[in-house]
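Letter by letter, the chains look like this.
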Amino acid sequence: MLHGLRKGEAYIIVDLVGDFVTGKFGSSKAVQVAMSTLETVKKMSGKMEILMTRDAHITDDPEFRIWGEHCVDGTSGSELYDGLAQYATRIIPKRHYDAFFGSDLDGYLRAREVTKLYISGISTDICVQHTVSGAFFRGYEITLVKDLCTSIDEKNHEDAVKRMIANYGVSIINQWEFEELYVEK
Ligand SMILES: [Zn+2]
């Protein structure tokens, strides 16, 4: 159901999948981010386009030269965190850091006349940052929901946020400010 959704806006949740939450690159912080994100999307369901990207690699994907095998399509490592998928208006499988690269994300957003994006997920400094970059160069206005992001290596999180502000002009909000936008007044 698309009727009644906030016009021109979408929320993109990057890679809250098995290997980044509980698996190979998972952490207690990642689980906390995934659980908090689940609470937020429950409140936003039916009010907002909610797109969830899913790192979904082919076997022997060239990216494995950097990271080793992870998020192989068809395995639990590539599945969205428990309970999330039901709240997605669209799930975007991706093979690259930037969710816009080689996917139908941009075409989908343009068909829905979306110009403003809220973005969060894992890892702040890798797939989140590259997806923010992809959005910036396609002309979207971007707000990062900072406390619903985390990095595989947590020390990289704050630096990545600073770079996204400096390079792409992103606005920063936190989870409760984001939810406030959707509370009926
Ligand atoms: Zn990957």
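Residues numbered from 1 in each chain as written. Predicted model: local features only at pLDDT ≥ 70, side-chain atom pairs only at ≥ 80, totals over all residues.

J.: Summarise the pairing of strand β4 (residues 116–122); cite the residues concerned and give the values.
T.: Counting buried positions along β4 yields 6 of 7 residues, so the element is predominantly enclosed. The pairing of strand β1 (residues 9–14) with β4 spans 6 bridges and is classified as parallel. Bridged to Tyr11 within β4 is Tyr118. Inspection of the sheet shows β4 paired to strand β5 (residues 141–150) by 6 bridges, in the parallel sense. From the neighbouring strand, Lys116 faces β5, where its bridge partner is Glu141. Taking the sense of rotation as the criterion, the β-α-β connection linking β4, helix α5 (residues 124–137) and β5 turns out right-handed. (Buried ≥ 20, exposed ≤ 12 C-beta atoms within 10 Å, placed from the backbone. Helix = DSSP H or I, 4+ residues; strand = E, 2+ residues; numbered from the N terminus. Pairing = 2+ DSSP bridges. Right-handed = clockwise from strand over helix to strand, strands pointing away.)

J.: Talk me through the packing of α5 against helix α6 (residues 157–168); I want residue IDs and the actual numbers.
T.: When two helices pack together, you describe them by how their axes are tilted relative to each other and by the distance separating the axes. Where α5 contacts α6, the axes come no closer than 10 Å and their chain directions differ by 10°. Put simply, α5 runs roughly parallel to α6. Together, Thr124, Asp125, Gln129, Val132, Ser133 and Phe136 of α5 and His157, Asp159, Ala160, Val161, Arg163, Met164 and Tyr168 of α6 make up the contact between the two elements. In the contact of α5 with α6, the residues fall into 6 nonpolar, 4 polar and 3 charged. (Axes fitted to C-alpha atoms, helices over the stretch in contact; angles between N-to-C directions. Parallel < 35°, antiparallel > 145°, perpendicular 65-115°, else oblique. Contact = placed C-beta atoms within 7 Å. Nonpolar A, V, L, I, M, F, W, Y, C, P; charged D, E, K, R; others polar.)

J.: Which residues make up the sheet that holds β1, and what are the values?
T.: Hydrogen bonds between backbone atoms are what pair the strands of a sheet, whose relative direction is either parallel or antiparallel. Taken in spatial order, the 6 strands line up as β3-β2-β1-β4-β5-β6 in an open sheet, and their pairing is parallel. Of all strands in the sheet, those with a lone pairing partner are β3 (90–94) and β6 (171–173), marking the two edges. Going from strand to strand, the sheet's axes swing by 25° on average, the running direction of each strand aside. Taken together, the 5 bridges between strand β2 (residues 49–55) and β3 define a ladder with parallel strand orientation. By the bridge assignment, Thr53 is partnered in β3 with Ile92. α5 contacts β1, β2, β4 and β5 of the sheet and is inclined by roughly 170° relative to β5. In the packing of α6 onto the sheet, the strands contacted are β5 and β6, and the crossing angle to β5 comes to about 175°.

J.: Go over unusual backbone geometry with me, naming the residues and quoting the values.
T.: For the bond from Ile122 to Ser123, the omega torsion is -5°, close enough to zero to count as cis. Within the secondary structure, Ser123 is located in the loop between β4 and α5. The backbone of Cys71 sits at a positive phi, close to 45°, despite the residue not being glycine. Here Cys71 lies in the loop between α3 (64–67) and β3. Taking the number of C-beta atoms within 10 Å as the measure of exposure, Cys71 has 28 and is therefore buried.

J.: Which residues make up the pairing of β5, and what values do they have?
T.: Note: β5 against β6, 3 bridges, orientation parallel. Within β6, the residue paired with Val145 across the bridge is Ile173. Handedness of the β5-α6-β6 crossover: right-handed.

These figures capture arrangement, not role.
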